[in-house]
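Descriptive analysis of the structure
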Amino acid sequence: ALLLGLTSGDLRRVATELDKLAAYRPDQLVTPEDVRLFVHANFEPNIFDLTDALGARDLARALGLLEQQLNAGAHPLYLLTMITRHLRILREVQAVGGGHPATLARALKLHPFAVTKALAQVGAFTTTDLVKLFEAVVALEERIKTGAPDPATELTLFVAEACRGIGEGVSGRMG
């Protein structure tokens, strides 16, 4: 499972990594530590799939992608940073109130592609939603940085609450 997560299920890469691991441990059992040592995660491109799923409030997809990121070794604080960035872009686009993506991109100093995505997603959130999400992000970041026993679970609960909507969350931390 760890190898599949780190390779994003790319079968060609899985075969290559298995060859490498077999050469390292001929006639021996390959351990998870060996996999972590030799197989480097390729999770960067998928982070945007995760933030897009959250922006679309697609709970099942967001939780699945979050699990992939965590299994691939992404740190919860990194994931939270990228989610926060996406929420900030949604709020900036929301505050401007619409317009042509290229014009908004120049005004907000963002890539037009990011603005186009945000324009498609921003309608799923009220201003109050985004404010509460930012408050929840701050609280979550503090919990993680001060020793939350399970940061991955904390982040999973946050994503679930963000997708379900304010006040409908599973842990009541945002409502």
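Data block above holds the structure.
Let me begin by describing the structure that accompanies this report. The structure displayed is predicted, hence computed values, not measured ones.

1. With respect to the packing of helix 7 (residues 101–108) against helix 8 (residues 112–121)
- Their axes nearest at 8 Å, the elements helix 7 and helix 8 cross at an angle of 115 degrees. The angle between the axes of helix 7 and helix 8 places the two elements in the roughly perpendicular class. Two packed elements cross with a definite hand, and for helix 7 against helix 8 that hand is right-handed. Contact residues: Pro101, Leu104 and Ala105 in helix 7; Pro112, Val115, Thr116 and Leu119 in helix 8.
- Along the lines of polarity and charge, the residues of the contact of helix 7 with helix 8 split into six nonpolar, one polar and no charged.

2. Considering the side chain of Gln121
- Here Gln121 shows up in helix 8.
- The exposure class of Gln121 is buried, given its relative accessible area of 8%.
- With near-sequence residues (within four places) excluded, Gln121 lies in contact with Thr51, Asp52, Gly55, Ala56, His86 and Leu90.

Conventions and cut-offs
- Residues numbered from 1 in each chain as written.
- Predicted model: local features only at pLDDT ≥ 70, side-chain atom pairs only at ≥ 80, totals over all residues.
- Heavy atoms only, no water.
- Axes fitted to C-alpha atoms, helices over the stretch in contact; angles between N-to-C directions.
- Helix = DSSP H or I, 4+ residues; strand = E, 2+ residues; numbered from the N terminus.
- Parallel < 35°, antiparallel > 145°, perpendicular 65-115°, else oblique.
- Left-handed = near helix turned anticlockwise from the far one by under 90°.
- Contact = heavy atoms within 4.5 Å.
- Nonpolar A, V, L, I, M, F, W, Y, C, P; charged D, E, K, R; others polar.
- Buried < 20%, exposed > 50% of the residue type's maximum accessible area, 1.4 Å probe, protein only.

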